[in-house]
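Below are the chains, spelled out letter by letter.
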Amino acid sequence: MSSLERTEASTSKGLNIDFKALGPFLALVALFVIGTGINEAFLSGGNLANIFTRAAFIGIIAVGATFVITAGGIDLSVGSMAAFISGAMIVVMNTLVATLGAGIETVLLGVLISIVLGIGAGAVNGLVSTKGKIEAFIVTLGTMGIYRSLVTYMADGGTLSLDFEVRGVYRPVYYGDILGIPVPVLVFFAVAVAGYVLLNMTPFGRKCFAIGSNEQVARYSAIHVDRVKTLTYVIQGLCVSIATIIYVPRLGSASSSTGVLWELEAIAAVIIGGTMLKGGYGRIWGTVIGAIMLTTIGNILNLTDAISNYLNGAVQGLIIIVAVFLQRGDWRRKKSK
Amino acid sequence: MTDAAVHAVDPGQQARLRLSGRQICKSFGPAQVLFDVSIDLHAGEVHALLGENGAGKSTLVKILSGYHQPTSGELVLDQAPVTFADSEVGENHGVILIHQELNLAEQLTVEENIFLGREIKRGWFLDKAAMRAETRKLLDQLQCNIDPRTRIRDLPVSDRQMVEIAKALSKNADILILDEPTAVLTGREVDILFDQIKRLRAQGVAILYISHKLDEIKAIADRVTVLRDGRHITTEPVAGLEKDDMARLMVGRDIKQMFPDREAVQASDIALSVRDVSVPGQVRDAGFDLRRGEVLGFAGIVGAGRTALMEAIIGLRERSSGDIARNGAPVSIKNLQDAKKCGIAYLTKDRKGSGLLLNMDMRPNLTLLALEKFGRVIIDRKAEEAALERAIEAFDIRAADPKTKVGDFSGGNQQKLLLAKVMETDPEVVIIDEPTRGIDIGTKSQIYHFIGDLTKRGKSVILLSSEMPEMLGLSDRIVVMAAGRITGILEGNDRNEHEIMRHATGISGKQGVSVHE
């Protein structure tokens, strides 16, 4: 981290932006060097596939969070939403087995339900906060509790398990691969590319930036602020739904402890990636790298005895704080120019 | 303790040299903004600092007050070299800068702001009564009737300015630097401020006064220093200078014609007609016709409802009634998008708060209002770049590096960019609210000519302005508002300052009575 700090400080005006953009990437490279130094097995294909596959859940959700945060909002409900959608998917698919049998149709309907619920839950967050003029923090804190208790209720306090036969049909979505690349990683990549295009190349993305940096200016620029903000929550919901679709076949179950603290990991990935928490500036590739970094830290701690694996959260927390500190330092320098 | 500044000064002290900047140079990165500038501030003197936007005035005063360090050169306080490591050290030496952008905590009260960080205490607890009494006394000195317990966010900008000045007085400022203090003040408030400045001068305070307004400098300053492009041009007594001289020194050339020539327009050709627009609590039954190719001025005191009326017309503010027609055909405008489609554009007076994205560079700012023109699915970056090049050329926007964040631009360049942004929608009717607030005279004249060019191209302009010369120099007709109503539409010989004031204060006009409701 200190080398990163130095390079940022010593670069001249013209190169500054490049290094700022490269910051999270350099940090990830550093983590990989450390990982390899600790254990040769770190760079093995199996381990890397494992890291990227696990990073996919948080990463996909974090891509959605990048939109919400760039437009100046926040969504705390994503972890609970993921649990709720998982639970609902399982209940629906188990029910359908009786009529449709344990075939591909059942899985497809489950996927459809997931997407509908994700978009719906996102729309609820967005509409309540914009039309109701309530802080997104409060609204999503509320829905976070609601979705969490709904899944607990559906599972009757226990665990919802997917029908065994359906699990067999659904299994390749998590465990399968195409040309050796795990399906979740491919989905993650596709979501990231789509997110990048949407955020950086379309009028919608430009409006997100504008709203996040100054809502008043956006309003005076004929932007339908409420509509755009609501859409960012819908995108977030859709991303949660996609993450859930690849998460359900992994364990084939959902309980009240599914997706706990995912919202914090997703927000952390976004922030580590260089997106401003106060809005107005967002970076999808940074978010992707942020998600991979968080997973990599856990993975490295698993491979070493030097630090207990139980301290995973502490190391992640430290990295988040350092990342934000570096961001802020950079911001100050810019301002004083 | 706060009374220390209020002491009699013997006459010999009047000309005493207090603070000097000597051969000050300042660079930000590779860009040098000040070149060997020297300035002397004397006790009991009002020294004006004059220069166009970007001339280096703000940088110079920030160096004098410790916010910036000079790259080379030195500060001399009472004959001894000093270094102000930061603004706090400067303040401890009695040098206080009142910023153009006010620095008050909006959620705190007036008294809490004035004593922020140096609260009066009794034992371990705050002595609120003492602070309130002290605040009351300071505000009374300024003839200001604000309740010390009011929260800053509930005060109009002009009162906030008074709070800032009271705060500086409470810190025993004996070298007071005011950075464009009248930009947000009304005429009466300016008079009170000037009385205060004169009183402080009589007490031996050294005052550095930055302003674009040559009238003010004539009225208040003893000497004036002119900066241009970061260089010291001259320092001389104000008494020997005419306003034209000062303008020439500042701009470095003659401003031949401040305002564009006006041509007669056809009274029957109505571009925009507005009837019975009301906004609860702000505008009542306002109606007017805007002729094609004319500049229609809207005058009135602060709070007369001019901005509210315009925002109601373009759908930024809800109206309880009102009909709008373009070229004789009724239109329905519910939001700004509708207004845009009807060819109406609005330039906000608050270019920093609602006009421009200060943390971004020019390109996204320029195209934000007309984004669909640059691609509905994917934004065409090349088209954006081309539009930016055109805008820079057409509106003479002077930015060394197009990647500079517009927050770092001078006010004049920001205003030009805002004008360019609005013109990207290719409007037929342009509503311009305070087009030259906080802008130097050279850029002002440029903007006036831009407005003149618009009308020559058949576009119609509504001009809201608190600056009388601008109102009279640009407008073909002048609508005057008072207390939310239109009190008169002045044309021909009635188009003068006297008539405007009579209507604006409700002395005359068809609905003047309503002012006293």
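Numbering of residues starts from 1 in each chain and follows the order in which that chain's sequence is written. Chain letters and ligand numbers both follow the written order, the letters beginning at A and the numbers at 1. With pLDDT at 70 or above as the cut-off, local features in this predicted model cover only qualifying residues; side-chain atom pairs require 80 or more to be listed or tallied, and sums for whole chains, interfaces and linings still use all residues.

A. Expanded view of the overall build of chain B. Numbered from the N terminus, helices here are DSSP runs of H or I no shorter than four residues, and strands are runs of E no shorter than two. On a plain count of helices and strands, chain B comes out with 17 helices and 22 strands. For chain B, the C-alpha radius of gyration of 24 Å lies close to 24 Å, the compact-globule estimate for 517 residues. With respect to the three principal axes, the spread of C-alpha positions in chain B is 70 × 55 × 50 Å. Scored against the burial criterion, the 517 residues of chain B give a buried share of 46%. Radius of gyration: C-alpha atoms only; globule rule: 2.2 Å multiplied by the number of residues to the exponent 0.38. Residue burial is a threshold on neighbouring C-beta atoms within 10 Å of the residue's own C-beta, all placed from the backbone, with 20 or more meaning buried, 12 or fewer meaning exposed, and counts in between meaning partly exposed.

B. Structural view of the overall build of chain A. When its secondary structure is counted, chain A shows 15 helices and 4 strands. For chain A, whose C-alpha radius of gyration is 20 Å, the value lies close to the compact-globule estimate of 20 Å for 337 residues. Projected onto its principal axes, the C-alpha coordinates of chain A cover approximately 70 × 55 × 35 Å. When each of the 337 residues of chain A is scored for burial, the buried share is 47%. Considering only residue pairs separated by 6 or more positions, chain A has 77% of its internal contacts joining residues 24 or more positions apart. C-beta atoms are first placed from the backbone for all residues, and any pair lying within 7 Å is then listed as a contact.

C. Quick peek at the environment of alanine 56 of chain A. All names here are of chain A. Position of alanine 56 relative to the elements: it lies in helix H3 (residues 45-70). For the pair alanine 56 and proline 184, spaced 128 residues apart in sequence, the C-alpha to C-alpha distance is 6.0 Å. In contact with alanine 56, other than residues within four places in its own chain, are Pro184, Val185, Val187, Phe188 and Ile246.

D. View of the sheet that holds strand S16 (residues 321-326) of chain B. All names here are of chain B. Any two strands with at least two DSSP bridges between them are considered paired. Reading across the sheet, the 4 strands line up as S14-S13-S16-S17 and stay open at both edges, with antiparallel pairing between neighbours. Lying at the two open borders of the sheet, with one neighbouring strand each, are strand S14 (283-291) and strand S17 (329-331). Taken over all neighbouring pairs, the strand axes of this sheet differ in orientation by 20° on average, direction set aside. By the bridge criterion, 6 bridges tie strand S13 (residues 270-279) to S14 in an arrangement that is antiparallel. In the strand pairing of S14, isoleucine 270 is matched with arginine 291. Each axis is a line fitted through C-alpha atoms, taken for helices only over the stretch in contact, and angles between the N-to-C directions span 0 to 180 degrees. Here helix H9 (residues 306-313) sits on the sheet in contact with S13, S14 and S16, set at roughly 110° to S13.

E. View of the domain arrangement of chain B. Segmenting chain B into domains produces domain 1 (16-94 + 172-254), domain 2 (103-167), domain 3 (255-343 + 427-517) and domain 4 (357-420). Between the C-alpha centres of domain 2 of chain B and domain 3 of chain B there is a distance of 37 Å. For the purposes of this description, domain bounds are those given by an automatic or database domain assignment.

F. View of the sheet that holds strand S19 (residues 429-433) of chain B. Residues and elements named next belong to chain B. An order of S18-S19-S20-S15-S21-S22 is seen for the 6 strands of this open sheet, with the pairing classed as mixed. The sheet is open, and its two borders are formed by strand S18 (344-347) and strand S22 (485-490), each paired with just one other strand. Averaged over all adjacent pairs, the angle separating strand axes in this sheet is 20°, with direction ignored. Judged from the 5 bridges that link them, S19 and strand S20 (residues 460-464) form a sheet pairing that is parallel. Across the sheet, aspartate 433 pairs through a bridge with leucine 464, a residue of S20. Where H9 meets the sheet, it contacts strand S15 (295-299), S18, S19, S20 and strand S21 (477-482), and its direction lies at approximately 145° from that of S20. Packing against the sheet, helix H15 (residues 441-456) makes contact with S15, S19 and S20, and its axis sits at approximately 145° to S20.

G. The arrangement of the interface of chain B and chain A in detail. Listed as interface residues are 23 residues of chain B and, on the opposing side, 16 residues of chain A. For the side of chain B that touches chain A, the elements supplying multiple residues, two or more each, are helix H10 (336-341) and helix H11 (351-355) of chain B. Residue polarity follows a fixed list, in which Ala, Val, Leu, Ile, Met, Phe, Trp, Tyr, Cys and Pro are nonpolar, Asp, Glu, Lys and Arg are charged, and the others, Gly among them, are polar. Taken together, the residues of the side of chain B that touches chain A sort by class into 13 nonpolar, 7 polar and 3 charged.

H. Representation of helix H4 (residues 78-100) of chain A. Each residue after the first adds 1.5 Å to the expected span of a helix. A rise of 1.5 Å per residue sets the reference length of H4 of chain A, with its 23 residues, at 33 Å; its end C-alpha atoms lie 31 Å apart and thus fit the reference within 8%. Glycine 101 of chain A, located one to two residues past H4 of chain A, shows a positive phi value of around 80°.

I. Spatial organisation of the packing of H3 of chain A against helix H14 (residues 284-303) of chain A. All names here are of chain A. At a minimum axis separation of 8 Å, H3 and H14 run at an interaxial angle of 135°. Between H3 and H14, the angle is such that the two are oblique. The two elements H3 and H14 meet at a crossing, and its hand is right-handed. Contact residues: H3 offers Asn47, Ile51, Phe52, Arg54, Ala55, Ile58, Gly59, Ala62, Val63 and Thr66, while H14 offers Ile284, Thr287, Val288, Gly290, Ala291, Ile292, Leu294, Thr295, Thr296 and Asn299. Among the residues forming the contact of H3 with H14, the class breakdown is 11 nonpolar, 8 polar and 1 charged. Roughly parallel means an angle under 35 degrees; roughly antiparallel, over 145; roughly perpendicular, 65 to 115; everything else is oblique. Crossings are sorted by hand: turned counterclockwise from the far helix by less than a right angle, the near helix makes the crossing left-handed, and turned clockwise it makes it right-handed.

J. Expanded view of the environment of glycine 298 of chain A. One can find glycine 298 of chain A in helix H14. Taking the C-beta count within 10 Å as the criterion, glycine 298 of chain A has 17 such neighbours and is therefore assigned partly exposed.

K. Layout of the pairing of S19 of chain B. Burial runs high along S19 of chain B: 5 of the 5 residues are buried. The parallel pair S19 of chain B and S20 of chain B, bridged by H15 of chain B, forms a crossover whose chirality is right-handed. If you view a crossover with the strands going away from you and the path from the first strand over the helix to the second runs clockwise, you call it right-handed.

L. The confidence of the model for chain B, seen in detail. Residues and elements named next belong to chain B. pLDDT is a residue-level measure of predictor confidence that goes from 0 to 100. In this model, chain B carries an average pLDDT of 86, and 94% of its residues clear a pLDDT of 70 or more. A low-confidence stretch, residues 1-14 stays under pLDDT 50, and its non-local contacts, those more than four residues away or across chains, total 20 contacts. Here residues 511-517 scores under 50 on pLDDT; set against residues more than four positions off or in separate chains, the count is 13 contacts. Reported confidence for the predicted complex is 0.83 by ipTM and 0.77 by pTM.

M. Expanded view of the nonpolar core. Counting residues in hydrophobic clusters, the biggest one holds 169 residues, and the most contacted among them are Ile58, Ile60, Ile61, Ala243 and Ala266 of chain A together with Ile314 and Ile431 of chain B. Of the residues forming this core, the biggest block, 14 residues, is contributed by H3 of chain A. When residues of this core are sorted by domain, at least three fall in each of domain 3 (255-343 + 427-517) and domain 4 (357-420) of chain B. Apart from residues lying up to four places away in sequence, isoleucine 314 of chain B is in contact with Ile333, Leu336, Ala339, Ile344, Tyr346 and Ile431 of chain B. The term nonpolar core refers to a set of buried Ala, Val, Leu, Ile, Met, Phe, Trp, Tyr and Cys residues connected through C-beta atoms within 7 Å.

N. Representation of unusual backbone geometry in the model. Residues and elements named next belong to chain B. Backbone geometry at asparagine 172 places phi at a positive 60°, although glycine is not the residue there. Judged by local crowding, asparagine 172 falls into the partly exposed class, with 17 C-beta atoms found within 10 Å. Unusually for a residue other than glycine, aspartate 229 sits at a positive phi of about 50°. Here aspartate 229 lies in the loop between strand S11 (223-228) and strand S12 (231-237).

O. Spatial organisation of the packing of helix H5 (residues 104-131) of chain A against helix H6 (residues 136-154) of chain A. Residue and element names in this part refer to chain A. Two elements in contact, H5 and H6, have axes whose closest approach is 9 Å; the angle formed by their N-to-C orientations is 145°. As H5 runs across H6, the sense of the crossing is right-handed. On the side of H5, the interface is formed by Ala121, Val124, Asn125, Val128 and Ser129, while H6 contributes Ala136, Val139, Thr140, Thr143 and Tyr147. Here the residues of the contact of H5 with H6 are counted per class, giving 6 nonpolar, 4 polar and no charged.

P. Inspection of H14 of chain A at higher detail. Taking 1.5 Å as the rise per residue, H14 of chain A with 20 residues should run 28 Å; its terminal C-alpha atoms sit 29 Å apart, in good agreement. For H14 of chain A, the tally of buried residues reaches 16 of 20 residues, placing the bulk of the element in the interior.

Q. Main features of the pairing of S12 of chain B. Residues and elements named next belong to chain B. Where S11 meets S12, 6 bridges bridge the pair, whose relative direction is antiparallel. Counterpart to valine 226 in the pairing with S12 is threonine 234. Hairpin connection from S11 to S12: 2 residues lie between these consecutive antiparallel strands, with aspartate 229 at a positive phi of about 50°.

R. Examining the confidence of the model for chain A more closely. Residues and elements named next belong to chain A. For chain A, the average pLDDT comes to 87, and 91% of its residues sit at 70 or higher. Counted against residues more than four places away or in other chains, residues 1-17, with its pLDDT under 50, gives 15 contacts. With pLDDT under 50 throughout, residues 331-337 is counted as low confidence; its partners more than four residues away or in other chains account for 2 contacts.

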